[in-house]
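Listed here are the chains, written in short residue letters.
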Amino acid sequence: MDKRIRVLVAKPGLDGHDRGAKVIARALRDAGMEVIYTGLRQTPEMIVDAALQEDVQVIGLSILSGAHNTIVPRVLELLREKGMSDVLLVVGGTVPDEDAERLKQQGVSAVFQPGASLEQIVDFIRLSVKQPA
Amino acid sequence: MSEPRGTSVPSGRSFKTLSGLPVEPVYGPEHIEGLDPRRDLGAPGQFPYTRGIHPTMYRGKLWTMRQFSGFATPEETNRRYRYLLEQGQTGLSVAFDLPTLMGYDADHPASLGEVGKCGVSVSSLEDMEILFDSIPLADVSVSMTINSPASVIWCMYLAVAEKQGVDWTRLNGTLQNDILKEYIAQKEFIYPPRPSMRLVTDVIEYAARNVPKYNPISISGYHIREAGSTAVQELAFTLRDGVEYVEWALERGLTIDEFAPRLSFFFNAHNDFFEEIAKYRAARKMWAHLMRDRFGARDERSMKLRFHAQTAGCSLTWQQPYNNVVRTTIQALAAVLGGAQSLHTNSLDEAYALPSEQAVTIALRTQQIIAYENGVASTADPLGGSYFLERLTLDMEQAAGDYIRRIDEMGGMIAAIERGFPQSEIAEASYQYQKEQESGERVIVGVNRFIEQKEEPIELLQIDESAQQRQCEKLSALRSRRNNDRVRAALDELRHAAAGTENTIPYMLDAVRCYATVGEICEALRDVFGSWHERSVL
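Residues numbered from 1 in each chain as written. Chains lettered and ligands numbered in written order. Predicted model: local features only at pLDDT ≥ 70, side-chain atom pairs only at ≥ 80, totals over all residues. Heavy atoms only, no water.

Novice: Honestly, the interface of chain B and chain A in this entry has me stumped. Any pointers?
Specialist: It is common to give the size of an interface as the accessible area lost on bringing the parts into contact. At the interface, 38 residues of chain B touch 32 residues of chain A. Interface area for chain B against chain A, summed over the two sides, is near 2,900 Å², with a carbon-plus-sulfur share of 57%. Its largest share of buried area at the contact with chain A, chain B owes to Trp 318, Tyr 431 and Leu 538 of chain B, together 27% of the area lost on that side. Where chain B touches chain A, the interface holds two salt bridges. Two residues, Asp 18 of chain A and Lys 187 of chain B, come together in a salt bridge whose shortest N-O distance is 2.8 Å. Summed over the shared surface of chain B and chain A, the result is 11 residue pairs in polar contact (both at pLDDT 80 or more). At the level of elements, helix H3 (98–101), helix H6 (180–186), helix H8 (222–226) and helix H17 (421–439) of chain B are the ones that each hand at least two residues to the side of chain B that touches chain A. With eight residues, the single largest contributor to the side of chain B that touches chain A is H17 of chain B. Among the residues making up the side of chain B that touches chain A, the classes are represented as 21 nonpolar, seven polar and 10 charged. (Contact = heavy atoms within 4.5 Å. Buried area = accessible area lost by both parts, 1.4 Å probe. Salt bridge = Lys/Arg side-chain N within 4 Å of Asp/Glu carboxyl O. Polar contact = N/O pair within 3.5 Å; in protein donor to acceptor, adjacent residues only side chain to side chain. Helix = DSSP H or I, 4+ residues; strand = E, 2+ residues; numbered from the N terminus. Nonpolar A, V, L, I, M, F, W, Y, C, P; charged D, E, K, R; others polar.)

Novice: Just to check I follow, could you spell out the confidence of the model for chain B for this structure?
Specialist: Residue and element names in this part refer to chain B. Averaged over every residue, the pLDDT of chain B is 95; the share at 70 or more is 98%. Throughout residues 1–10 the model reports pLDDT below 50, and contacts reaching past four residues in sequence, or to other chains, amount to 11 contacts. Scored as a complex, the prediction yields pTM 0.95 and ipTM 0.91. (pLDDT = per-residue confidence, 0-100.)

Novice: Explanation requested: the sheet that holds strand E2 (residues 34–37) of chain A in the structure shown.
Specialist: All names here are of chain A. Read from one edge of the open sheet, five strands run E2-E1-E3-E4-E5, paired in parallel fashion. For this open sheet the edge positions go to E2 and strand E5 (110–112), each flanked by a neighbour on one side alone. Each strand axis lies, on average, 20 degrees off the axis of its neighbour in the sheet, ignoring direction. Of the pairings in the sheet, the one linking strand E1 (residues 6–10) to strand E3 (residues 58–63) comprises four bridges and is parallel in character. Within the sheet, the bridge partner assigned to Ala 10 lies in E3 and is Leu 61. Packed on one face of the sheet, helix H2 (residues 44–54) meets E1, E2 and E3 and runs near 160 degrees to E1. Against the sheet, helix H3 (residues 68–81) touches E3 and strand E4 (88–93), its axis set at about 165 degrees to E3. (Pairing = 2+ DSSP bridges. Axes fitted to C-alpha atoms, helices over the stretch in contact; angles between N-to-C directions.)

Novice: I'm lost on the pattern of salt bridges in this one. Help?
Specialist: Working definition: two side chains of opposite charge can pair if their charged atoms are close together. Residue and element names in this part refer to chain B. Counted under the stated rule, the structure contains 58 salt bridges over all chains. In this structure, Arg 479 engages Glu 520 in a salt bridge whose closest nitrogen and oxygen atoms are separated by 2.8 Å. Of the two residues, Arg 479 sits in helix H18 (residues 467–481) while Glu 520 sits in helix H21 (residues 518–529), which places them 41 residues apart along the sequence. We classify Arg 479 as partly exposed; its relative accessible area is 22%. Within the structure, one salt-bridge network assembled from shared partners comprises Arg 198, Asp 202, Glu 205, Arg 209, Arg 252 and Glu 258. (Buried < 20%, exposed > 50% of the residue type's maximum accessible area, 1.4 Å probe, protein only.)

Novice: Help me understand unusual backbone geometry in this model?
Specialist: Apart from glycine, the bulk of residues carry a negative phi angle, and the bulk of peptide bonds sit in the trans form. Residues and elements named next belong to chain B. Of note, the amide linkage connecting Phe 47 to Pro 48 takes the cis form, showing an omega dihedral of 0 degrees. Notably, Tyr 49 is not glycine yet its phi reads approximately 65 degrees, a positive angle. Positionally, Tyr 49 belongs in the loop between helix H1 (37–41) and strand E1 (64–65). Accessibility expressed as a relative area gives 0% for Tyr 49, which makes it buried. The phi dihedral of Asp 381 is positive, around 45 degrees, even though this residue is not glycine. With respect to the helices and strands, the residue Asp 381 is situated in the loop between helix H14 (357–372) and helix H15 (387–410).

Novice: Any chance you could explain the nonpolar core here in plain terms?
Specialist: For soluble globular proteins, the rule of thumb is that nonpolar side chains tend to be buried together. Residue and element names in this part refer to chain B. In terms of nonpolar packing, the biggest core is built from 102 residues, with Trp 63, Phe 237, Leu 239, Trp 287 and Met 291 touching the most fellow members. Ranked by residues supplied to this core, first place goes to helix H11 (residues 273–294) with 11 residues. In terms of nonpolar packing, the next biggest core, distinct from the first, is built from 66 residues, Leu 137, Leu 171, Ala 490 and Ala 524 among them. (Core = buried A, V, L, I, M, F, W, Y, C linked by side-chain atoms within 4.5 Å.)

Novice: Looking at this structure, I do not really get the pairing of strand E3 (residues 91–95) of chain B. What am I missing?
Specialist: On any regular strand, side chains alternate: one points to one face of the sheet, the next to the other face. Residues and elements named next belong to chain B. In terms of residue burial, E3 counts as a mostly covered element, since five of its five residues are buried. The alternating pattern of E3 places Gly 91, Ser 93 and Ala 95 and Leu 92 and Val 94 on opposite faces, both of which are buried. Summarising the sheet, strand E2 (residues 68–69) and E3 pair through two bridges and their orientation is parallel. Within E3, the residue paired with Ser 69 across the bridge is Val 94. Of the crossover connections in this fold, the one passing from E2 over helix H2 (residues 74–86) to the parallel E3 is right-handed. Relative to strand E4 (residues 141–145), E3 is paired through five bridges, and the arrangement is parallel. Paired with Val 94 across the two strands is Met 144, which belongs to E4. (Right-handed = clockwise from strand over helix to strand, strands pointing away.)

Novice: So what exactly am I meant to see when it comes to the side chain of Glu 114 of chain B here?
Specialist: In this fold, Glu 114 of chain B is placed in the loop between H3 and helix H4 (125–131). For the buried Glu 114 of chain B, no salt bridge exists, and the shortest N-O distance to an oppositely charged side chain is 7.3 Å, to Lys 117 of chain B. Reaching out from Glu 114 of chain B, the side chain makes a polar contact with the side chain of Ser 65 of chain A at a distance of 3.3 Å. What Glu 114 of chain B contacts, discounting residues up to four positions off in sequence, is Gly 13, Leu 14, Ser 65 and Ala 67 of chain A together with Asp 97, Leu 98, Pro 99 and Gln 468 of chain B. (Lys, Arg positive; Asp, Glu negative; His and termini not counted.)

Now the structure itself:
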């Protein structure tokens with residue numbers, strides 16, 4: 001059985017700045033994970049549906065537009081509704097400290113702010129995903 | 001500091017440019033053998049304009065200090081504009097929010113959470129009237145950063161000028177209107193490439209005939225660079241985009257010297273000081289040759305590449321944000337030494353959010369200090385003749401010329417975009433850049449060296465979350481107040497024109513004058529043109 005960690009990298013909202021999402025997707029792939037990149041302008045519904053269909057353990061959201069306070073709670077809500085609360089949700093982008101704290105309290109596993117290293121992100125996902133025995 | 005002896009450690013210093021061009025320890029005459037100053041450089045103001053487009057450069061006229069700005073509602077942004085003009089800023093530059101950039105009204109479901117966040121929200125002519133309230137459009141040059149809905153917003157601008165009683169022939173300013181770099185880099189597209197190019201060409205044609213002092217396009221490398229390209233790629237893709245626009249305008253029946261003098265450019269000012277200066281110089285030289293030799297331009301103004309520069313947003317760090325003032329200063333200096341016509345300097349807090357008033361004031365003061373305090377603006381192209389800079393200028397020209405030839409061979413920029421060529425070149429370059437940063441080969445102060453464990457938070461601009469609600473209320477009142485029969489008729493006529501080959505601008509003007517919204521107009525065009533979904537290139 002393929003034990004590779006499966007990650008959905010998603011770009012929600014109207015913003016098209018996908019440099020970060022693409023770099024992260026490549027880094028996770030180079031680290032041996034199975035990466036599905038959704039492409040641009042995904043709604044929370046599209047993202048959670050894709051996560052379900054692709055059977056991923058991790059969703060990574062890239063948000064640079066300041067819309068995280070609207071988008072992220074909606075993704076969390078949908079994950080709960082569909083019984084997918086075991087899926088790890090991580091967020092990367094320009095998220096101020098206090099917003100990051102609030103998002104973590106709501107159920108986001110980690111928020112990676114600008115300057116976070118690829119190594120940090122890869123390590124976090126490796127350590128946090130519970131591998132099936 | 002975590003690394004007190006850091007300055008004596010030689011590792012992490014890279015002896016190549018950001019584009020990967022090799023850098024020698026020292027340069028001499030042997031490195032520029034074959035360079036003919038008269039032929040390859042010209043005096044400032046002379047073909048091929050390598051040394052600048054004006055004989056006296058900034059002695060005659062300083063660059064325009066133009067801070068890109070916009071947030072929340074038109075009312076709030078109008079107040080910021082008036083503040084910036086009072087502080088000595090000499091031009092305006094409008095930042096629109098994402099719904100506006102994507103052609104959605106503030107009350108569209110896709111706009112939820114995004115209204116007024118990355119720029120000002122504009123859904124109708126009413127918003128544009130408020131945005132420019134008490135700002136005399138005859139005197140202030142206004143640049144507007146918008147692309148897919150550029151023609152719609154431009155029509156609103158022309159309509160505001162009408163209402164202010166300003167003749168269109170007196171308007172000066174710039175519309176970004178550069179759709180190709182959206183497919184390549186920034187990804188704010190609505191329609192497929194060909195109908196989008198038709199709209200761009202409609203604006204270029206209409207401006208050439210009716211708004212002659214206005215720049216109908218700003219061919220932009222800035223966003224290509226921000227997406228992670230090298231300086232060479234930025235230069236090459238931007239100039240090749242320019243060639244594509246020229247070909248479409250010629251195809252439309254314009255003559256080259258009818259529109260080419262009003263083409264303008266926009267470049268990034270990134271960290272590699274000399275490479276950036278070489279990039280601007282090479283750009284002028286290459287464009288002059290393209291215009292004269294490839295397109296047969298006769299008017300000198302057609303051959304002169306005029307450009308706006310903005311310091312590199314992607315170089316700003318979240319860590320130790322006050323260091324960003326220093327980065328921005330050095331980048332701005334490169335733009336000035338490279339002969340920019342206008343300049344935006346980023347604010348120290350822009351890795352976090354839109355800038356606070358205090359931060360944007362420091363950014364503006366940075367330009368004023370460069371302009372007035374240290375003499376760099378006193379002489380044209382002061383670094384011209386430097387062995388190193390001239391070598392680098394030649395290297396940039398050669399490397400970018402190779403890319404342009406490859407894209408020509410693919411059948412032009414649209415064909416190249418459709419096969420994902422520039423997109424994958426940029427994705428590769430941005431990944432390499434990140435890996436160099438991770439390995440420590442590229443030092444970013446405060447991020448991968450000279451790190452501080454504890455940092456003091458800075459004051460940030462807070463965007464009022466009620467902006468969306470206020471915009472929606474205004475819009476709802478407008479929809480019930482305006483003559484909706486007239487709006488429907490105008491949109492039908494626009495659809496009809498879009499389906500044919502006529503210039504769409506007169507129809508769009510009619511639609512905005514009766515307060516059809518950005519969303520309604522873009523929806524009407526989407527009915528005819530369809531929408532574009534890219535195949536993502538990792």
